[in-house]
Amino acid sequence: MVKVFSFALLSLATAISVVAASPLDPAGQFKRLGACPTLGCVFPPDRAEFLAGAHFDVRVEVHAESDAKPNTKYSLSIEKLSNGSKSKPKAVEFTKFSHIKPDAQESWDFSYTKDAAAYWKGQDGDKSAATPVHVASTAWRRVQIKEPGNYRVVLKYNDGKTTEAFWTVNAVQKRKAKNVILFIGDGMTTAMITAARLISQPHISGKYQKHLNMDKFPVLGHIMTHSLDSLITDSANSASAYNSGHKSSAGALGVYPDSSASPFDDPKQELLAELLRRRSKKNGGKGGVGIVTTAEIQDATPAAVFAHTRSRDEKATIVDQMIHGANPVVADVILGGGGKYFHNKTGGKSLNGTDYYAAYSKERGYKVVNDKEGLLNYKGSDPLLGIFHSTHMDVWMDRNVYKGNLNKTASDPTGNGGSALHQPNFDEMVIKGLDVLEKRHHNEGWFMMAEAASVDKMMHPLDYDRALADLLELDRAIGKTKEYLKRHKLDKDTLILVTADHAHSFDVYGSVDTQYFNSFSDSEELEKRNSIGTYENSGWPSYVDANGDGFPDEWNVRYTLAAGTAAFPTHREDFQININGTRIPAIPQSSSHHHYQVYEANPTDAIHGIPKTSTLGATESVGVHSLQDVPVFASGPGAHLFAGIQDNTEIFHKVAHLLGLGDEN
């Protein structure tokens, strides 16, 4: 019998009773500040949920627009709701409650645009289109609430106005899992998984004879990915939800964005990896942390494991935060791309010109490797830093099929001016990472985040073949991981999650006879479209995996997928793989009467393809993320908790409880 424990709010009746009193998310595209619909702002905002004992910052802001000035006399109080008790709750001044002395009161100015008309006027150079805002603010740093329950936080400002926030603090649970692996197929959706299965797995009479590794997981759920202040998320704040249990705004990592100018003073939330590093001895002690990605290790999803900043673009500082942050994670395993932020040689962009390869090695004892051979040959137990490309690692297609494309850029991670010709595959990085984590933290257990980043990075430029190939590389890594865990007798103690951080609007609606498509001239657009087969004429594509490696043996085939997205720039489409490298569907327009950059179809991409007019704004050069829920596959201890529909912040709380994180009175 499986023992189930609940992650519902501690007082559901109390939570429901306050919903009517709280303002709903306001309609509209533009806002003064996310999650702050009034002139008084509280961060963390209404409906924030915490793990007992986790550290977090609190900031309040009082705004005044145009010529008005903010009233600097305001107060913040907190009260624990009674939860059925007969005693009346008592509000306490926040400084007294938290035992934290606040920072000195600050003031600053910023501006925003109220709607699309004002925004685009501003983009065209009209400085009067923006509304000025004057701010008074106070912050409390590293607050903890160790007593589970529901709390009401009240900001009083402007002579009687109030802003209320209702917070929930969840109890610490007994540890249920020794290890957790979180696989993220960045941007991966059910439609992509279906397409990847179709092109890689054998089928007879419409029935698959084999399945993907993720298909075999016993539990399937779905995750809602909305941002704090928008229906569509980006990778930074969505990955932060998994790592902090808090929603945020686009581009933010481990913080609630405030309105100040600095990208580093925003109110922070303690991350899962930080909590694991200080876990109590009774729940296993300090656990190991591994980060594996095919992106830059400073990119949004991997950085969400350890970084705190409002801007995901602060990549040089993010490298520094790993080892020099206020409470640095100093992960046991860091594998991916992003070499240019580690050095100041050719193409280097390291913080203050620092040699971070040397800093990681000398200050924190990392073994540094920069190619596949160095990775596979490493047998030690020191923390491992493997950086294999100057930016994002090349995709599976170019690392394994069209290898000549690797020679086209100076991508060596050390800045020697050469190309990164010997990059490891994703599964090789994951297995080596598991080896190191086991050697360093076999007794305490560990957490690994492993991201197949280029599912997303190839969906953006509409390069569907390369995106699906990277999804299949993710699936191979999942299979290799399950084999590794079973071989080392870790499978009963390790929870594996496979999910995405957000979606793309990709789907397949038929097949294409590219031979027929290519037989017509560019002017015969109607005839080219007739090569698309739907319903009974969709048939089957030509992809075959005869050697059983999990990938099609040939990608440049006659019958391909009629696939696309709902959100794309103006471009041409020929439904055929670009053998010369990643697609560039749109390029800057040579002339425009606007002050902002607009895009048009790239004349060198899909030269003989069908023209498609953009479904996006004129400034978009690639596809964008979409609304749909993303799947989560689960296997191992606690897997049942991930069935059904859940918010992205719930992933953090479920994993944190399974690992026994937090600190409760």
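The rules behind each value
- Residues numbered from 1 in each chain as written.
- Predicted model: local features only at pLDDT ≥ 70, side-chain atom pairs only at ≥ 80, totals over all residues.
- Heavy atoms only, no water.
- Helix = DSSP H or I, 4+ residues; strand = E, 2+ residues; numbered from the N terminus.
- Rg over C-alpha atoms; globule rule 2.2 N^0.38 Å.
- Buried < 20%, exposed > 50% of the residue type's maximum accessible area, 1.4 Å probe, protein only.
- Contact = heavy atoms within 4.5 Å.
- Areas by Shrake-Rupley, 256 points an atom, 1.4 Å probe, with all protein chains shown as cover.
- Lys, Arg positive; Asp, Glu negative; His and termini not counted.
- Salt bridge = Lys/Arg side-chain N within 4 Å of Asp/Glu carboxyl O.
- Disulfide = S-S within 2.5 Å.
- Core = buried A, V, L, I, M, F, W, Y, C linked by side-chain atoms within 4.5 Å.
- Axes fitted to C-alpha atoms, helices over the stretch in contact; angles between N-to-C directions.
- Left-handed = near helix turned anticlockwise from the far one by under 90°.
- Nonpolar A, V, L, I, M, F, W, Y, C, P; charged D, E, K, R; others polar.
- Phe/Tyr/Trp six-rings, centres within 6.5 Å; stacked < 30°, edge-to-face > 60°.
- Lys NZ or Arg CZ within 6 Å of the ring centre and 35° of its normal.

Chemist: Quick one: what's the story with the overall build of the protein, residue by residue and with numbers?
Modeler: The number of helices and strands found in the protein is 17 helices and 30 strands. Computed over C-alpha atoms, the radius of gyration of the protein comes to 26 Å, within 12% of the 26 Å expected from 2.2 N^0.38 for 665 residues, which places it in the range of a compact globule. Across its three principal axes, the protein shows a C-alpha extent of roughly 80 × 65 × 55 Å. Burial status across the protein gives 56% buried among its 665 residues. Considering only intrachain contacts with a sequence separation of at least 6, the fraction spanning at least 24 residues in the protein is 73%. Element-wise, carbon and sulfur atoms account for 51% of the exposed surface of the protein, whose accessible area totals about 27700 Å².

Chemist: Report on the side chain of Glu438, specifying residues and quantitative values.
Modeler: With respect to the helices and strands, Glu438 occurs in helix α12 (residues 426-441). We note that Glu438 is buried and unpaired, the nearest opposite charge coming from Lys178 at a distance of 5.4 Å. Here Glu438 is in contact with Trp446, Tyr484 and Leu490, once residues within four sequence places are set aside.

Chemist: Got a sec to walk through the state of the cysteines? Specific residues and values, please.
Modeler: Defined simply, a disulfide is a covalent bond joining two cysteines at their sulfur atoms. Per the stated rule, a full pass over the model turns up one disulfide. What pairs with Cys36 in a disulfide is Cys41, and their sulfur atoms sit 1.9 Å apart. Here the S-S torsion is close to -70°, and the disulfide linking Cys36 with Cys41 is therefore left-handed. Residue classification places Cys36 among the buried positions, given a relative accessible area of 5%.

Chemist: Tell me what's going on with the nonpolar core, and back it up with residues and numbers.
Modeler: Formed by 127 residues in total, the largest nonpolar core has its most connected members in Phe183, Met214, Tyr360 and Phe426. Of all the elements, helix α14 (residues 464-487) adds the most residues to this core, at eleven residues. Every residue in contact with Met214, bar those within four places of it in the chain, is listed here: Met188, Ile193, Leu471, Leu474, Asp475, Ile478, Val498 and Phe633. Membership of the second largest hydrophobic core comes to 30 residues, among which are Val62, Val143, Ile145 and Trp167.

Chemist: Could you give an account of the packing of α12 against α14, with specific residues and numbers?
Modeler: The relative placement of two packed helices comes down to the angle between their axes together with the axis-to-axis distance. It is the contact of α12 with α14, at a shortest axis distance of 8 Å, that shows an interaxial angle of 30°. The hand of the α12/α14 crossing is right-handed. Together, Phe426, Asp427, Val430, Ile431, Leu434, Asp435 and Glu438 of α12 and Glu473, Leu474, Arg476, Ala477, Lys480, Thr481 and Tyr484 of α14 make up the contact between the two elements. Broken down by class, the residue content of the contact of α12 with α14 amounts to seven nonpolar, one polar and six charged.

Chemist: So what's going on with the packing of aromatic side chains? Residues and values would help.
Modeler: Throughout the structure, instances matching the rule amount to 21 aromatic pairs. Residues Phe97 and Tyr151 carry aromatic rings whose centres are separated by 6.1 Å and whose planes lie at 65° to one another, so their mutual orientation is edge-to-face. Taken together, the residues span a long stretch of sequence, with Phe97 in helix α2 (residues 94-98) and Tyr151 in strand β8 (residues 149-157) at a distance of 54 residues. Taking relative accessible area as the criterion, Phe97 reaches 27% and is therefore assigned partly exposed. Classification of Tyr151 by relative accessible area gives buried; the value is 1%. Clustering of aromatic rings is evident, with ring pairs tying together Phe50, Phe56, Phe94, Phe97, Trp140, Tyr151 and Trp167. Here the guanidinium or amino end of Arg197 rests over the ring plane of Tyr208, the centre of that ring lying 5.9 Å away.

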